[in-house]
Amino acid sequence: MSAASCLLSEDQFLCSICLDVFTDPVTTPCGHNFCKNCITQHWDINIPYQCPMCKEVFYRRPELRINTFISEMAAQFSLAKKKASSRSDQRCAKPGEVPCDVCTGTKLKAQKSCLVCLASYCETHLEPHQRITGLKTHQLIHPVDNLEGRMCKKHDKPLELFCKTDQMCVCLLCTVLDHKSHDIVPLKEEYEGKKAELGKTDAEIQQMIQKRRVKIQEIKRSVELSREDAEREMADSVRVFTALMQSVERGQAELIDMIEEKQKTTEKQAEGFIKELQQEISELMRRSSEVEQLSHTEDHLHLLQSFPSLSAPPHTKNWTEVRVHRSSYVGSVRRAVAQLEETLSKEMKKLCPDPELKKVQDFEVDVTLDPDTAHPALILSDDGKQVNHGDLWKNLPDNPERFSSCVSVLGKQSFSSGRFYYEVQVRGKTEWTLGVARESINRKGPITLNPKNGYWTIRLRNENEYKANAGPGVPLTLKSQPQMVGVFVDYEEGLVSFYDVDAAALIYSYSGFSFTEKFYPYFGPCFNDGCKNLAPLIICPVNQTD
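For every chain, the first residue of its written sequence is number 1, and the numbers climb from 1 along that sequence. Side-chain atom pairs in this predicted model are given and counted only at pLDDT of 80 or more, local residue features only at pLDDT of at least 70, and totals for whole chains, interfaces and linings cover all residues. For the side-chain quantities, the full set of heavy atoms in the structure was used; hydrogens and water were omitted.

Section: the overall build of the protein
Logical step 1: Secondary structure elements are defined from DSSP: runs of H or I of at least 4 residues count as helices, runs of E of at least 2 residues count as strands, and each element is numbered from the N terminus. Broken down by element type, the protein carries 10 helices and 24 strands.
Logical step 2: Our radius of gyration looks at C-alpha atoms and nothing else; its globule reference is 2.2 Å times the residue count to the power 0.38. Its C-alpha atoms give the protein a radius of gyration of 57 Å, clearly above 24 Å, the size a compact globule of 546 residues would have.
Logical step 3: Taking the principal axes of the C-alpha coordinates as reference, the protein spans close to 195 × 105 × 55 Å.
Logical step 4: Think of it in three bands: residues with accessible area under 20% of the maximum for their type are buried, residues over 50% are exposed, and the middle band is partly exposed, with areas taken using a 1.4 Å probe on protein chains only. Split into buried and exposed, the 546 residues of the protein put 32% on the buried side.
Logical step 5: Contacts between residues were defined by any pair of non-hydrogen atoms, one from each residue, lying within 4.5 Å. Residue pairs at least 24 apart in sequence account for 56% of intrachain contacts in the protein once pairs closer than 6 positions are excluded.
Logical step 6: The protein chains shown are the only cover counted for residues, whose accessible areas, like all others here, come from Shrake-Rupley with a 1.4 Å probe. Working note: accessible area of the protein is about 34800 Å², and carbon and sulfur atoms make up 54% of it.
Logical step 7: Here Asp and Glu are counted as negative and Lys and Arg as positive; His is not counted, and neither are the chain ends. The atom standing in for a charge is NZ when the residue is Lys, CZ when it is Arg, CG when it is Asp and CD when it is Glu. In the protein, 69 positive and 76 negative side-chain charges are present, and the distance between their average locations comes to 7 Å.

Structural notes on the side chain of D490
Logical step 1: Within the fold, D490 resides in strand β20 (residues 484-490).
Logical step 2: Between N or O atoms, a polar contact is any pair within 3.5 Å; within protein, one atom must be a potential hydrogen donor and the other a potential acceptor, and residues adjacent in sequence are included only when both atoms are from side chains. At a separation of 3.2 Å, a polar atom in the side chain of D490 contacts the main-chain amide nitrogen of E493.
Logical step 3: In this structure, D490 is in contact with G418, R419, L495 and F515, ignoring residues within four places of it in sequence.

Some details on the pairing of strand β13 (residues 386-389)
Logical step 1: Strand pairing is assigned whenever DSSP detects at least two bridges linking the two strands. As paired elements, strand β12 (residues 378-380) and β13 share 3 bridges and run antiparallel to each other. Considered in β13, the bridge of I379 is made with N388.
Logical step 2: Counting the residues between successive antiparallel strands, the hairpin from β12 to β13 contains 5 residues, one of them, G384, with a positive phi of roughly 70 degrees.

So, unusual backbone geometry
Apart from glycine, the bulk of residues carry a negative phi angle, and the bulk of peptide bonds sit in the trans form.
Logical step 1: A cis amide bond links G471 to the next residue, P472, at an omega of 5 degrees.
Logical step 2: Structurally, the position occupied by P472 is in the loop between β18 (465-468) and β19 (474-476).
Logical step 3: Backbone geometry places K55, a non-glycine residue, at a positive phi of 70 degrees.
Logical step 4: Turning to its location among the elements, K55 is positioned in the loop between β3 (49-50) and β4 (57-58).

Considering the confidence of the model for the protein
Regions with low pLDDT should not have their predicted coordinates read in detail.
Logical step 1: Each residue carries a pLDDT score, the predictor's confidence in it, ranging from 0 to 100. On average, the protein scores 86 in pLDDT, and the residues at 70 or more come to 92%.
Logical step 2: Here residues 1-7 is a poorly scored stretch, pLDDT under 50, and it has 7 contacts once near neighbours within four places are set aside; other chains count.

Here we look at a negative patch on the surface
Logical step 1: Patch rule: a residue counts if its relative accessible area is over 30% and it has no salt bridge; like charges are joined within 9 Å, and nonpolar side chains (Val, Leu, Ile, Met, Phe, Trp, Tyr) within 5 Å. Put simply, a salt bridge is a Lys or Arg side-chain nitrogen that is within 4 Å of an Asp or Glu carboxyl oxygen. Together, E254, D257, E260 and E261 make up a region of like negative charge exposed at the surface.
Logical step 2: Position of E254 relative to the elements: it lies in helix α7 (residues 187-295).

Re the nonpolar core
Logical step 1: The set of buried Ala, Val, Leu, Ile, Met, Phe, Trp, Tyr and Cys residues whose side-chain atoms join them within 4.5 Å is what this entry labels a nonpolar core. By size, the foremost hydrophobic cluster in this structure holds 35 residues, and its most contacted members are W432, V436, I458 and F523.
Logical step 2: Dropping the residues within four chain positions of it, W432 is found in contact with V426, I458, R459, L460, R461, Y466, V485, G524, C526 and L537.

Concerning a nonpolar patch on the surface
Logical step 1: Side chains of L173, V176 and L177 sit close together on the surface and give an oily, nonpolar patch of about 260 Å² of accessible area.
Logical step 2: Following the sequence through the fold, L173 ends up in helix α6 (residues 172-176).

This is how it looks when you write it as C-alpha cells:
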C-alpha cells in the first residue's frame, strides 16, 4: 500500500472542504470523498443537501460510510509526509562529524552509534532501535568513528572488559584464553577509575596553567619594571647630556671670545705700527724728492746752502727691534677642556648625585630577622631589626633551619624573582658578614661562605680588612670604612651588589650567576670579641640620597 501511495499525488488525499489530508474520510452517493466532520457540518448549514464537488442535490440526507481504502491511503501518506519532513529537518553531516551509515546519497548526521550493529544511524534510521524489541537491547552511544576498533581483532567480539594486568581492553573470550587469571574488570569500572585519574590530571594541569599565568604576570611585571628603569635612565641621560651640551657650548664660547680678544689686540698693535711706518715713508719720500731736485740744480750757492739740512739723517724711528708679537694659543684648548671637565664633574654631582645607588634604592624591601634560623648565641631585638652576639647560649630547639655552629641568622622574607634592596648599619663593629643565601644552604657544622655553597657575601675582619667571599676571597680596597652597607639583588640578571651608602660608592658585585632557588637576606654579626664587637647589626629604613 505504501508503494501505491507513491503513485498518487498529494492533492488526491486532500479534502476539498478543509484542504487538508483526509480525517475519517467518507464517500457520498455521488462517489466523492470528504472528511466526515467537514461534510457533516456542511450539510448542517446548507439545505437541500448538495455535493460540494458535483453539485448533485439529495432531497434526503445521504447516509455516509467510512471509505476504508482512502482512510488507509491517507494515513500512509500522512506518515510518509511526516517522515520526509523529519528527514528534511535533520542536518547533513559536516566534515569531522559522524555520518549515518544507512543513508544513501546525502549522508545525514548520525545521532547514535550501535555497538552491536557496529553502525551509526541518523534519527530516521535509528527508529527501529527505538521500536523493535530485539533492537532495543542494543547498546547505543554517542556517534563515533571506527566502530571496528571496538571489536576484538582476534575473536571478533565486543571489547567490553578491561585487563588491569596488561592495561588493555579485552573481549569475553580473551578472559578465558589469552588473559586467563589476569585482573579483569568491567569497562565501566575501569572507566570510572580512569575518569577520576583524569580529574586529578586536569587539576594538576590547571595548577600548571595557573603557575604559568603567574609566571606571565611576573614576566610582564619584569618588563614593566624594565620599562620604568629605561624611562628613568632616559630622563637622567637627558638631564646629564643637556648639562653637558650647555657646558660645552659655554666653554667653547668663552674660548672663542678669549682667542678673538687676543687677535684684536694683535691687530690693533699692528695697525699702529703700520700707521707710523706709513707716515715715515711719506716724510722720506718728500726728502728724497728734495734731494733729487737739489742734485740737478746748476746754482752752486743754493746747493751749498741747502746741503746741510738735506744731508742730515731724517728724524725716524729705529724699527730694527720692533716686532708684532703673535698671540700664543698653546694650551688654550687643553685648559678649556680641563675647566670643562671640572665644570661637568660639578654639574654631574649637582644633577645626578650617585645615580646608581639612588636607582637601586627604589627597590627597597622590608626585612626582619627570623628567630627560627638564629644561632643560639645570638641576641635578636623584639622588632627583629637588630642582632648581636651574646656570651650565653640559649636553650633552643635544634630545628633544621637553625645555624648550629656559624654565628648567623637569616631574614624572614624570601625572594625568587625581580629586584630587592635593603640597608644594614655596621657602625661600631670590628667584624661582620652580610649578603644573601639560597634556601638549600647547609646550616649545620662549619660552613664555608662562597657562591658554590649558596652564599653571596662580603665581610670585615680585624677592623679594616674587607673581602668578598668569592671562594677564594677577594681583597677589597675602600676609600673609607662603610658605616651603612646596602645589599642589592637582581634575581633575573644573577647580580648581587654591595654599596657604601654614605660614600655612595659600589663596594663589590657578584654577577653572571643563574638563580633558581629562593633567596634570604644573610646576617653574620660575628663573635663579640670581649665586647670589642658588641655593636649590633641594624636593619635600617632606606634614606634615599637627594
